[in-house]
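# Structure at a glance
What follows is the residue order along each chain.
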Amino acid sequence: MAVRFRKYFKQCKGKRQDGDKYGKVITKGIECEGKRGRHCPEGVPSPCGAWAIDYRELNGRWVSKVFPGINKTQATELLEEIKGNIRRQIFGLPIKRQIPTLGEYARIYLDLCKSEKENTFSMKRTAIKALTRYLGEYPLDKITPFIVERYRIERKEKDGVQDSSINIDFAILSHIFTVAIKAGIVEKNPCKEVKKLKVTQTKDRILNKSEIALLLDKLQGKDRLMILTALLTGLRLGGVLGLSWNDIDFNNGIISSSHKTGNLVSIPLSDCLRNALEAYRTHATGDRVFENREIAKDVVVKYSDYFSKLFKGLGIHDFTFHNLRHTFSSLLQGELGIGAVVVQGMTGHSSLSMLQKYSHTGMGNKRTAIQALDSYVSNTRQKVNLAMAQ
């Protein structure tokens, strides 16, 4: 039993006596063990071979297995594992399986998740980055409930992340083990014995009347129109950035978007927003309304950070662009008494995916709701201006 470097090319293999592959060596091969150097014959590309493991099974059959991409040390470790399993078979013991580390299996897991939605895949990749930083060297079968608990404590104390973020890490770690169990790699999921952290639900921050008026009065151009679009459509930041002029039907007064959920959402175009978009269109270039680049996560994050600083600079604290979506829903339901089904039909939550198939059926109710919101925003601005003048 041994490991050896099996060469791919005749120039490197050497030559034996004709007619006998086990005969006398006539020309000695190059002793390189795969290391490139001056000794390599001209024209031999890389890789020029692979490490092989030669061993004899219990039934006497001679086996030679080639493992491309591994080095000599890894090949030697594999040979020792094979020897151990052969000895275990002699004594009637079960063959010992090689268990990958969390870091190794996480790469396989991410490959399996590549077809998922961009946001979901990005969330898993971020969580796995944190998990492998703390637990990446542990074999999957060595991760216990105690180790999971310790990870959560260290993640909170060292990284200062919120409990909700730790719960996301925990859920993805649990799913990694679920996939590994189905693949027959491990038998138990340690996360089953650990409870999720309790997260206190906080009320979403929304704009009040004076803050709406402040934004519409102080801001101009693209910033103002993006905020107005979110405020009067309820679209997420990614949805606003992804809007193209083809998504806006000025003739029928409808904005269409399918960002994130994949379900097409149709939202009536208010008079205020229509006028602002038509004015902006006269000097706009490109097919997109606000951003011509691909709407990747890093682009959305940069815009989100920009608007958070913008709001803070205007004295509107603890407010993000996404809170405009909460403001849209809260004003319609709380201030204007619009039914939740109509509002959620415009926000496009996945729990109402069946409703989206018939979104045009309720377009009359949606138009009524948007016009009421349009009037509310416009009247708010007029009242605040009047109060300031007095």
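Residues numbered from 1 in each chain as written. Predicted model: local features only at pLDDT ≥ 70, side-chain atom pairs only at ≥ 80, totals over all residues. Heavy atoms only, no water.

For helix 8 (residues 221–233), built from 13 residues, the straight-helix expectation of 18 Å at 1.5 Å per residue is met to within 8% by its first-to-last C-alpha distance of 18 Å. Among the 13 residues that make up helix 8, eleven are buried, leaving the element largely enclosed by the rest of the structure. When helix 8 is considered as a whole, its buried residues turn out to be Asp223, Arg224, Leu225, Met226, Ile227, Leu228, Thr229, Ala230, Leu231, Leu232 and Thr233. Downstream of helix 8 by a residue or two, Gly234 has a phi angle that is positive, lying close to 80°. (Helix = DSSP H or I, 4+ residues; strand = E, 2+ residues; numbered from the N terminus. Expected span 1.5 Å × (residues − 1). Buried < 20%, exposed > 50% of the residue type's maximum accessible area, 1.4 Å probe, protein only.)

Overall, antiparallel pairing links the three strands, which are arranged 6-7-8 in an open sheet. Edge positions in the sheet fall to strand 6 (248–249) and strand 8 (265–268), since each has one partner strand and no second. Judged from the four bridges that link them, strand 7 (residues 254–257) and strand 8 form a sheet pairing that is antiparallel. Directly across from Ser256, in strand 8, lies its bridge partner Ser266. (Pairing = 2+ DSSP bridges.)

With that out of the way, let us pick up helix 4 (residues 118–135). Along its 18 residues, helix 4 runs 25 Å from first to last C-alpha, staying within 8% of the 26 Å computed at 1.5 Å per residue. Among the residues of helix 4, Phe121, Ser122, Lys124, Ala127, Ile128, Ala130, Leu131, Tyr134 and Leu135 are the ones counted as buried.

Pairing analysis gives six bridges linking strand 4 (residues 49–56) to strand 5 (residues 62–67), with the strands arranged antiparallel. Paired with Arg56 across the two strands is Trp62, which belongs to strand 5.

A few words on the packing of aromatic side chains. Applying the stated criterion across every chain yields a total of six aromatic pairs. Ring centres of Tyr280 and Phe290 lie 6.0 Å apart, and the angle between their planes is 40°; this geometry places the pair in the tilted category. Of the two residues, Tyr280 sits in helix 10 (residues 271–281) while Phe290 sits in the loop between helix 10 and helix 11 (297–313), which places them ten residues apart along the sequence. Through a chain of ring-to-ring contacts, three or more aromatic side chains come together here, namely Tyr306, Phe307, Phe311, Phe319 and Phe321. It is Arg152 that lies over the ring of Phe170; its NZ or CZ is 5.4 Å from the centre. (Phe/Tyr/Trp six-rings, centres within 6.5 Å; stacked < 30°, edge-to-face > 60°. Lys NZ or Arg CZ within 6 Å of the ring centre and 35° of its normal.)

Once that is clear, we can look at the pattern of salt bridges. Within the structure shown, the criterion is met by eleven salt bridges. Between Asp159 and Arg155 there is a salt bridge whose closest N-O contact spans 2.9 Å. One end of the pair, Asp159, and the other, Arg155, are both in helix 5 (residues 145–159), four residues apart, so they sit about a helical turn from each other. The class for Asp159 is partly exposed, based on a relative accessible area of 30%. Asp163 is the partner of Lys156 in a salt bridge, and the nearest nitrogen-oxygen pair spans 3.0 Å. (Salt bridge = Lys/Arg side-chain N within 4 Å of Asp/Glu carboxyl O.)

Honestly, it's all geometry; don't read function into it.
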